[in-house]
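Spelled out, the chains give:
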Amino acid sequence: MKIARPRLIFVLLALVLGLAGCVSDDTGPVPVPSVVCTLRCADPAATLAYGSILELRLVDFTRRDAPSLVLAERVESNPGQPPLVFRLLYNATAIDPAHDYGVEARILFKGRPLWIQSEPLPVITKGHPTVVEVTLQPPS
């Protein structure tokens, strides 16, 4: 019986030390920042043909005299029927609070624009939201 007692103490000590390793302040993975976009066509009866392609971008359009810098992009073949809801993930460290960011979207069919957005819709900084609705227009 004397041998069983040290073994019991060893088992209990191992159990306590093992459980101590389970205590953590970690709350899980940090959520990735994103912009959620609901895309609608100006014509509510519009349908998208098979083969349509959605191009959705998060851009920095601070410099009006230069091309926009693309921070995130999503391209979806056959995205479904409007309204379409998509999430653009971005790197939060790439965001400068003094810059202007926006969402650009367009839908192509056989390489030609079918529905477009003429100007980026402001998001993220300067009080702009991260959940937006974009209304696409037919090209002029």
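K.L.:
Explanation requested: the overall build of the chain in the structure shown.
P.N.:
Counting its secondary structure elements, the chain contains one helix and eight strands. Listing the helices and strands of the chain from first to last along the sequence gives α-β-β-β-β-β-β-β-β. Expressed as a percentage of the 140 residues in the chain, the buried residues total 29%. Of the contacts formed within the chain by residues at least 6 apart in sequence, a portion of 64% connects residues at least 24 apart. Just so you have it, the chain exposes about 9600 Å², and 60% of that area is on carbon and sulfur atoms.

K.L.:
What should I look at first to understand the nonpolar core in this one?
P.N.:
Within soluble globular proteins, side chains that are nonpolar generally end up buried alongside one another. Val 35, Leu 39, Leu 56, Leu 58, Val 103 and Val 123 are the most contacted members of the largest nonpolar core, which totals 25 residues. Every element with two or more residues in this core is listed here: strand E1 (34–41), strand E2 (52–60), strand E4 (84–89), strand E5 (101–109) and strand E8 (131–136).

K.L.:
Would you explain the pairing of E8 in this entry?
P.N.:
Looking along a regular strand, one sees side chains alternate from face to face of the sheet. With burial as the criterion, only one face of E8 is covered, namely that bearing Val 132, Val 134 and Leu 136; the residues Val 131, Glu 133 and Thr 135 on the opposite face remain uncovered. Two elements, E1 and E8, share six bridges in a ladder whose sense is parallel. Looking at E8, one finds that Leu 39 is bridged to Val 134.

K.L.:
Is there a simple way to think about the side chain of Glu 55 in this case?
P.N.:
On the secondary structure map, Glu 55 appears in strand E2. At a separation of 2.6 Å, a polar atom in the side chain of Glu 55 contacts the side chain of Arg 106. Ignoring any residue separated from it by four or fewer positions in sequence, one finds Glu 55 in contact with Arg 74, Val 75, Glu 104, Ala 105, Arg 106 and Leu 108.

K.L.:
What exactly am I supposed to notice about the pairing of E5 here?
P.N.:
Strand direction decides the pairing type here: E2 and E5, joined by nine bridges, are antiparallel. Directly across from Asp 60, in E5, lies its bridge partner Tyr 101. Across three bridges, E5 lies against strand E7 (residues 121–123) in antiparallel orientation. For Tyr 101, the partnering residue across the bridge sits in E7 and is Val 123. Note that E5 and strand E6 (residues 112–116) share four bridges and pair antiparallel. The partner of Phe 109 across the bridge, within E6, is Arg 112. Hairpin connection, E5 to E6: the antiparallel pair is bridged by two residues, and Lys 110 has positive phi, about 55°.

Rules and cut-offs
Residues numbered from 1 in each chain as written. Predicted model: local features only at pLDDT ≥ 70, side-chain atom pairs only at ≥ 80, totals over all residues. Heavy atoms only, no water. Helix = DSSP H or I, 4+ residues; strand = E, 2+ residues; numbered from the N terminus. Buried < 20%, exposed > 50% of the residue type's maximum accessible area, 1.4 Å probe, protein only. Contact = heavy atoms within 4.5 Å. Areas by Shrake-Rupley, 256 points an atom, 1.4 Å probe, with all protein chains shown as cover. Core = buried A, V, L, I, M, F, W, Y, C linked by side-chain atoms within 4.5 Å. Pairing = 2+ DSSP bridges. Polar contact = N/O pair within 3.5 Å; in protein donor to acceptor, adjacent residues only side chain to side chain.

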